[in-house]
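Chains, contacts and geometry: an overview
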Amino acid sequence: MAGSSSTSTNFDLNSTEIKSLATAAIAAKTHAYCPYSNFRVGASFLTNDGKLVSGANVEVASTPVGICAERCALAPLVAQYERPHMPRIRACAVSTDIWPPASCCGMCRQMMREFCELDMKVYMYGRQESQNYKGLSAERELEVCGEPAVMTMGEMLPMSFGPNDLKH
């Protein structure tokens, strides 16, 4: 069940799955609409049925109205399934243009906590300043961007409040 800790190793991805997930997040970053901060973020989620769902951050002039890449990807994923038929989310990748990589903001962590298990891994990719990324494809950027920071949801949001806390 989403939000509960898992004893399964279903969250361990093989190298092909990690590459696909990361490439999708890097590619999604190119769709970011961030004319005010110029801080591009792309995110991608991998479900247990092999589906990749991606999103990018979208800013608007009224600052609090924008949406982060993680929530941009997660909301349509959640909205397309009737409960309880939503597939299990196995992993998330987030890509930014800074080094070290940025982690998900607190609001995104809390929303992810609602639909992702505590053992789910988040792969965070950034850009090393020494590299020239201009014109690189997402696949090539992945090859030169360096190792991701990897944390589980439980590590990113310790002692979290989740859906199981509201069950009586």
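Presented here is a report on the structure given in the accompanying data block. A quick note: this is a predicted structure, and the numbers were derived from the prediction, not measured. (Residues numbered from 1 in each chain as written. Predicted model: local features only at pLDDT ≥ 70, side-chain atom pairs only at ≥ 80, totals over all residues. Heavy atoms only, no water.)

1. Points about the sheet that holds strand β1 (residues 41–47)
One open sheet holds the 5 strands; their spatial order is β2-β1-β3-β4-β5, and the pairing between them is mixed. The strands lining the two open edges of the sheet, one partner per strand, are β2 (52–56) and β5 (149–152). Strand-to-strand twist across the sheet, computed as the mean angle between neighbouring axes with direction ignored, equals 15°. Strand direction decides the pairing type here: strand β4 (residues 121–125) and β5, joined by 4 bridges, are antiparallel. Counted as the bridge partner of Tyr123 is Val150 from β5. This element, helix α2 (residues 69–79), spans β1, β2 and β3 (89–96) of the sheet and lies at about 35° to β1. (Pairing = 2+ DSSP bridges. Helix = DSSP H or I, 4+ residues; strand = E, 2+ residues; numbered from the N terminus. Axes fitted to C-alpha atoms, helices over the stretch in contact; angles between N-to-C directions. Contact = heavy atoms within 4.5 Å.)

2. Some words on the side chain of Ser160
Structurally, the position occupied by Ser160 is in the segment after α5 (153–156). Ser160 sits in the buried class, given a relative accessible area of 17%. Of note is the side chain of Ser160, whose polar atom sits 2.5 Å from the side chain of Arg113. (Buried < 20%, exposed > 50% of the residue type's maximum accessible area, 1.4 Å probe, protein only. Polar contact = N/O pair within 3.5 Å; in protein donor to acceptor, adjacent residues only side chain to side chain.)

3. Some thoughts on helix α3 (residues 106–115)
Turning to α3, its buried residues are Cys108, Arg109, Met112 and Arg113. Around the axis of α3, the buried residues are gathered within 140° of arc, so they sit on the same side. Those residues of α3 hidden inside the fold are in contact with β1, α2, β3, β4 and α5. (Arc of directions from axis to C-beta.)

4. Quick notes on the pairing of β4
The two faces of the sheet receive side chains in turn, since in a regular strand these alternate between them. Taking burial as the measure, the 5 residues of β4 include 4 buried ones, the bulk of the element. Relative to β4, β3 runs parallel, the two being bridged by 5 bridges. Paired with Val94 across the bridge in β4 is Met124.

5. Digging into unusual backbone geometry
In this chain, Arg83 is followed by Pro84 through a cis amide linkage whose omega measures 5°. With respect to the secondary-structure elements, Pro84 resides in the loop between α2 and β3. Trp99 connects to Pro100 through a cis peptide bond whose omega is -5°. Counting through the fold element by element, Pro100 comes out in the loop between β3 and α3. Backbone geometry places Asn38, a non-glycine residue, at a positive phi of 55°. Of the residues examined, Asn38 reaches a relative accessible area of 59% and is grouped as exposed. In the Ramachandran plot, Met159 falls in the positive-phi region, its phi being about 50° despite a non-glycine side chain. Along the chain, the position of Met159 falls in the segment after α5.

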